[in-house]
Amino acid sequence: MSDQACAHLKAVAAVKHAARRECEECVKIDAHWVHLRTCQTCGVTLCCDSSPNRHASKHAHLSGHPVIASAQLGERWLYCYPDDAFAEY
Ligand SMILES: [Zn+2]
Ligand SMILES: [Zn+2]
Ligand SMILES: [Zn+2]
């Protein structure tokens, strides 16, 4: 974790990974997504801001859960919404 990481990113002791490779909300409404992100507070996996429905951002703002991890294979990074901060792990 880099020195620039905010308190939210530093608080992530063990990264939560996606249980399933799908956006839980898009599946309900039969929508498609581009990339997947996993909430580090509750573990829900939702779609990124390049996806039409941006469920991960909506979840972060509605729930107040600050940190997501990329759920894309080969990507190892975390992002904090309130601080607009990235960290690789
Ligand atoms: Zn933060
Ligand atoms: Zn979605
Ligand atoms: Zn959450």
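Presented here is a report on the structure given in the accompanying data block. Starting from 1, residues in each chain are numbered consecutively following that chain's sequence as written. As a convention, the first chain written is A and the first ligand written is 1, with the rest following in written order. For this predicted model, a pLDDT threshold of at least 70 governs which residues receive local features, and a threshold of 80 or more governs which side-chain atom pairs are given and counted, while totals over whole chains, interfaces and linings are taken from all residues. Note that water and hydrogens are dropped before the side-chain values are worked out from all heavy atoms of the structure.

## Observations concerning the coordination of the zinc ion (ligand 2)
In a perfect tetrahedron of four donors around a metal, the angles come out at 109.5 degrees. In a perfect octahedron of six, they are 90 or 180 degrees. For Na, K and Ca the donor cutoff is 3.2 Å, while for all other metals N, O and S atoms must lie within 2.8 Å; water is not among the atoms, so some sites may look incomplete. At 2.0 to 2.3 Å from the zinc ion (ligand 2) lie its protein donor atoms, namely C23 (SG), C26 (SG), C47 (SG) and H55 (ND1). Considering all four donor atoms around the zinc ion (ligand 2), the spread of angles at the metal, 106 to 118°, places the coordination shape in the tetrahedral class. Between the donor residues of the zinc ion (ligand 2), the gaps in sequence give the motif C-x2-C-x20-C-x7-H. Highlighted residues: C23 in the loop between α1 (7-10) and α2 (24-29) and H55 in helix α3 (residues 55-63), separated in sequence by 32 residues. Under the relative-accessibility criterion, C23 is labelled buried at 0%. Note on classification: 1.4 Å probe, protein chains only; a residue is buried when its accessible area is under 20% of the maximum for its type, exposed when over 50%, partly exposed between these limits. Looking at H55, the relative accessible area reads 11%, which means it is buried. Four donors are marked tetrahedral only if all angles between them lie between 85 and 135 degrees, whereas four are marked square planar and six octahedral if opposite donors are more than 155 degrees apart and the other angles lie between 65 and 115; the remainder are marked irregular. By definition, any uninterrupted DSSP run of H or I lasting at least four residues is a helix, any uninterrupted run of E lasting at least two residues is a strand, and each is numbered from the N terminus.

## So, the side chain of T45
With respect to the secondary-structure elements, T45 resides in strand β2 (residues 45-47). Owing to a relative accessible area of 3%, T45 belongs among the buried residues under this scheme. Within the structure, T45 has its side chain in polar contact with the side chain of T38 (distance 3.0 Å). By definition in these notes, contact holds between two residues if any of their heavy atoms fall within 4.5 Å. Not counting residues within four places of it along the chain, the set of residues in contact with T45 comprises A18, A19, R20, E22, C23, E24, L36, R37, T38 and A71. Think of a polar contact as two N or O atoms within 3.5 Å of one another; within protein, one of them needs to be a possible hydrogen donor and the other a possible acceptor, and neighboring residues in sequence only count if both atoms come from side chains.

## Some thoughts on the pattern of salt bridges
Salt bridge, as applied in this entry: a Lys or Arg side-chain nitrogen positioned within 4 Å of an Asp or Glu carboxyl oxygen. Scanning the entire structure with this criterion turns up two salt bridges. Across the salt bridge formed by E25 and K28, the nearest N and O atoms sit 3.1 Å from each other. Of the two residues, E25 and K28 both sit in helix α2, three residues apart, roughly one turn of that helix. On the basis of relative accessible area, E25 is assigned to the partly exposed category, the value being 31%. Using a relative accessible area of 63% as the deciding quantity, one classes K28 as exposed.

## A short note on the coordination of the zinc ion (ligand 3)
C39 (SG), C42 (SG), H59 (NE2) and H65 (ND1) make up the full set of protein donors to the zinc ion (ligand 3), lying at 2.0 to 2.3 Å. Coordination at the zinc ion (ligand 3) is tetrahedral, judged from the four donor atoms that bind it and the angles of 104 to 115° they form at the metal. Written as a sequence motif, the donor arrangement for the zinc ion (ligand 3) is C-x2-C-x16-H-x5-H. You can call C39 buried: its relative accessible area is 2%.

The values reported here are purely geometric and, on their own, carry no functional implication.
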